[in-house]
Every structure is written in structure tokens, then in C-alpha cells.
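# Breakdown of the fold
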Amino acid sequence: MGNRFEISVVGDNQHLAEEQIDAAVAEISRIEKLLTTFSDDSQTNEINRNAGIEPVKVDEEVFNLIVRSLKISSLTQGSFDITYGSIDKSLWNFDVNMKTLPDAETAKKSVSLINYQNVILDPERTTVFLKEKGMRIGFGGIGKGYAADRAKYILQQLGVNNGIVNAAGDLATWGTQPNGKPWTIAIAAPDQSMTPFSTLNISNMAIATSGNYEKYAVINGKKYSHTIDPKTGLPVAGIKSVSIICPSAELADAMATPVMVMGVKVGLDLINQLPQMACVIIDDYNQVHRTKNINLKN
């Protein structure tokens with residue numbers, strides 16, 4: 001998936017633990033083959049190749065993931081959108097060589113095919129149809145969270161009562177540490193990714209973080225995240241990082257990016273209305289904002 005996965009399990013039989021981890025890795029690989037855009041024979045690319053042409057029959061698992069993705073798009077009013085794959089990537093490199101933003105008209109045109117409402121689903125036939133030619137879907141905003149949840153499920157089915165699946169910073173945790181204490185999650189300081197500014201004790205929860213501290217551009221002294229607003233085609237600014245905590249890694253993964261797009265006030269208002277979900281936001285001025293149900297430990 002282009003991401004590093006780390007799996008930790010608690011047990012007293014090393015050989016058994018390694019077999020359990022191997023099963024989880026196999027599940028992650030299976031999901032990658034279904035969802036990747038880097039393989040011509042993936043179901044994702046089959047959908048994209050037939051955009052504007054005809055519906056594509058997919059596995060029920062892929063169909064249901066798309067259903068859930070579209071529900072999140074509706075919930076976030078399009079700030080999360082799996083049809084982002086059609087964006088013109090030539091406009092963005094987000095490195096030291098990027099000195100200017102594209103003009104507003106060019107940026108808007110680059111996202112003209114992004115519209116989750118143009119994904120047509122047929123539940124009876126489990127088919128997916130992208131209405132416009134050139135549309136592309138991608139699971140970069142939800143896939144690794146889904147894979148983390150599935151790996152956790154496989155491990156639990158195999159009798160692992162305590163563990164962590166780390167999908168490039170998206171964590172799914174269950175049970176406790178070997179000493180019986182809850183798993184402790186550190187949230188990185190935005191300007192020092194190896195330095196935690198706070199910790200959270202969570203078990204049977206997941207956390208996902210989206211931020212501008214690893215991939216960004218500085219233009220006229222202002223820092224722009226690699227996250228693109230699907231409505232304007234321009235990079236978002238104002239927030240350094242968003243961390244979402246909830247029971248599902250898939251949902252945490254999917255909600256982190258749209259909160260960055262929405263901004264502090266609207267993002268917090270949304271998360272505060274959702275059950276079993278919490279959020280920590282650090283803005284460009286290093287101010288920490290949090291939902292009312294969260295307790296940070298320094």
C-alpha cells in the first residue's frame with residue numbers, strides 16, 4: 001500500500017505469535033491486491049478503466065467499502081471523496097521547488113471530475129459505475145485504516161487478546177500491554193515529528209493522524225499542506241495536524257483528512273456530534289484544539 005505496517009502481539013509462545021502475525025500480513029497483502037492503483041488487474045483500476053463506459057462488477061467487500069466511503073463523503077459534504085484520483089497531479093509536487101500556487105481557475109479545473117455523487121452503485125449486481133470519462137477512484141484516504149482493522153480482526157480470531165497494528169501511523173489497538181496497562185499513544189509535535197507533545201492511554205480504540213509536517217510547500221512564507229480541498233483544487237492551510245480517535249481505524253483514517261479541509265471550528269463541530277469519536281487539532285499557531293470528550297496527558 002506504499003506504507004509501512006508494524007504488527008505487535010502479546011503472547012508467551014514466539015513461534016505461535018509469528019504464525020499469527022504472518023496471517024495478518026497475508027490479509028493486508030490480500031486487501032492491497034484488491035484496492036491498489038499500481039496493479040492493472042486490481043478491481044480499483046478496472047472501475048477506473050471503465051469510467052464513463054460501463055458498470056464493473058466487484059467483490060462484495062470492495063462494494064461495501066465504497067458504500068461506506070460515500071457515506072463519509074456525504075457526512076463531510078465532500079471534504080472526503082474517493083474520486084480524488086482524477087486530480088491533475090502535475091500541478092502539485094509539494095517540495096522545495098514549488099514556488100507558486102496555480103491560479104484559482106486552473107486549480108478548480110483540475111478537480112472538475114472529483115464528485116462522489118457521480119459514483120453509481122447497484123447493490124443487487126454489486127456493480128460500480130463512474131459517470132464521467134476520466135474519473136478515477138482511489139482508497140488512499142481509507143484503505144490502510146481498513147487493512148489495519150482487518151489485520152486486527154484476523155489476529156483476534158486467532159486468539160490474540162492484546163496487540164497493535166500500526167499502518168504508517170494509523171493505529172488499531174486492543175487489550176493491554178504485557179504489564180496490564182493500557183496502550184499509550186504519543187501524538188507527535190507538528191514541527192518535530194519524532195517528539196511527542198502529548199500522550200493518550202487508549203485500548204480497543206484506533207487513532208489516525210493527518211498533518212502537513214511531512215509533505216508540504218512553503219510559498220511566500222506560508223506553509224501549505226499536501227492535502228487538497230476537493231472543492232477548490234487548492235491546498236489547505238491553517239492546520240498543522242489532526243488526530244482522530246475512535247473504535248475503527250478505517251473511520252479514523254477517513255475522518256482525519258476532511259477535518260483538515262474543513263478547518264478547526266467546522267471540524268470540531270462535526271466530530272463533537274459523532275458518538276465514540278474524539279479529535280485533537282493543532283493549528284498553524286501551535287494552539288491545541290480538542291473535542292469535549294478528550295483528555296490529554298503531558
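Fair warning: this is a prediction, and the values are worked out from it, not measured in the lab. (Residues numbered from 1 in each chain as written. Predicted model: local features only at pLDDT ≥ 70, side-chain atom pairs only at ≥ 80, totals over all residues. Heavy atoms only, no water.)

Next up on the list: the pattern of salt bridges. Across all of its chains, the model carries nine salt bridges by this definition. Of the charged contacts in the structure, one is a salt bridge between arginine 4 and glutamate 6, with a shortest N-O distance of 3.0 Å. Of the charged contacts, one joins glutamate 46 and arginine 49 as a salt bridge, the two residues approaching to 2.7 Å between their closest N and O atoms. Here glutamate 46 and its partner arginine 49 are both found in helix 2 (residues 43-49), three residues apart, which amounts to about one turn of the helix. It is possible to trace a salt-bridge network through shared partners that takes in Glu27, Arg30, Glu61 and Arg150. (Salt bridge = Lys/Arg side-chain N within 4 Å of Asp/Glu carboxyl O. Helix = DSSP H or I, 4+ residues; strand = E, 2+ residues; numbered from the N terminus.)

Moving on, we get to helix 7 (residues 264-272). Considered for burial, the residues of helix 7 that qualify are Gly267, Leu268, Leu270 and Ile271. An end-on view of helix 7 places all buried positions within 160 degrees of arc, on one side of the element. (Buried < 20%, exposed > 50% of the residue type's maximum accessible area, 1.4 Å probe, protein only. Arc of directions from axis to C-beta.)

As a further point, take the packing of helix 1 (residues 14-35) against helix 5 (residues 143-157). Contact geometry of helix 1 with helix 5 gives a least axis separation of 9 Å together with a crossing angle of 145 degrees. Considering only the axes of helix 1 and helix 5, their crossing is right-handed. Facing Gln20, Ile21, Ala23, Ala24, Glu27, Ile28, Arg30, Ile31 and Leu35 of helix 1, the residues of helix 5 in contact are Gly143, Tyr146, Ala147, Arg150, Ala151, Ile154 and Leu155. Residue classes in the contact of helix 1 with helix 5 are distributed as eleven nonpolar, two polar and three charged. (Axes fitted to C-alpha atoms, helices over the stretch in contact; angles between N-to-C directions. Left-handed = near helix turned anticlockwise from the far one by under 90°. Contact = heavy atoms within 4.5 Å. Nonpolar A, V, L, I, M, F, W, Y, C, P; charged D, E, K, R; others polar.)

Note on placement: threonine 291 falls in the segment after strand 14 (288-290). A polar side-chain atom of threonine 291 sits 2.8 Å from a polar atom in the side chain of asparagine 293. What threonine 291 contacts, discounting residues up to four positions off in sequence, is Leu268, Ile271, Asn272, Ala278 and Cys279. (Polar contact = N/O pair within 3.5 Å; in protein donor to acceptor, adjacent residues only side chain to side chain.)

Here we take up the sheet that holds strand 3 (residues 119-122). The sheet built from three strands is open, its strands ordered 2-4-3 with antiparallel pairing. If you trace the sheet from one side to the other, it starts and ends with strand 2 (56-57) and strand 3, each paired once. By the bridge criterion, four bridges tie strand 3 to strand 4 (residues 127-130) in an arrangement that is antiparallel. Counted as the bridge partner of leucine 121 is valine 128 from strand 4. The sheet contacts of helix 3 (residues 60-75) involve strand 3 and strand 4, and relative to strand 3 the element is tilted by about 130 degrees. (Pairing = 2+ DSSP bridges.)

Turning to the pairing of strand 12 (residues 239-246), a few remarks are in order. Among the eight residues in strand 12, eight count as buried, and that is most of the element. The pairing of strand 9 (residues 206-211) with strand 12 spans six bridges and is antiparallel. Its bridge partner being in strand 12, alanine 206 is matched across the sheet by cysteine 246. Here six bridges tie strand 12 to strand 13 (residues 278-283), and the two strands are oriented antiparallel to one another. In the sheet register, serine 243 faces strand 13, and the bridge partner there is valine 280.

This part covers the nonpolar core. By size, the foremost hydrophobic cluster in this structure holds 62 residues, and its most contacted members are Ile66, Val165 and Ile244. With nine residues, the single largest contributor to this core is helix 6 (residues 249-262). With residues up to four places along the chain from it excluded, the contact list for valine 165 reads Phe5, Glu6, Ile7, Ala148, Ala151, Lys152, Leu155, Asp170, Leu171, Ala172 and Trp174. Residues Ile185, Ile202, Ile207 and Ile245 belong to the second largest nonpolar core, which totals twelve residues. (Core = buried A, V, L, I, M, F, W, Y, C linked by side-chain atoms within 4.5 Å.)

Before going further, it helps to spend a moment on the environment of glycine 138. Here glycine 138 is to be found in the loop between strand 4 and helix 5. C-alpha of glycine 138 to C-alpha of glycine 85: the two residues are 53 residues apart in sequence and 5.4 Å apart in space.

Right, let's get into the pairing of strand 5 (residues 163-167). Counting buried positions along strand 5 yields five of five residues, so the element is predominantly enclosed. Neither face of strand 5 is open: one carries Gly163, Val165 and Ala167, the other Ile164 and Asn166, and all of them are buried. Relative to strand 5, strand 1 (residues 5-9) runs antiparallel, the two sharing five bridges. The residue bridging isoleucine 7 from the neighbouring strand is valine 165, located in strand 5. From the end of strand 5 to the start of strand 6 (residues 170-174), which pair antiparallel, there are two residues, and alanine 168 there has a positive phi angle of about 50 degrees.

A separate point is the sheet that holds strand 1. Reading across from one edge, 1-5-6-9-12-13-14 is the order of the seven strands in this open sheet, with antiparallel pairing throughout. Both edges of this open sheet fall to strand 1 and strand 14, since each of them pairs with a single strand only. Taking the axes of each pair of neighbouring strands and ignoring which way they run, one obtains an average angle of 10 degrees across the sheet. By the bridge criterion, two bridges tie strand 6 to strand 9 in an arrangement that is antiparallel. Bridge pairing in strand 9 places alanine 172 opposite alanine 206. Each of strand 1, strand 5 and strand 6 touches helix 5; the most contacted strand, strand 6, lies at about 20 degrees to it.

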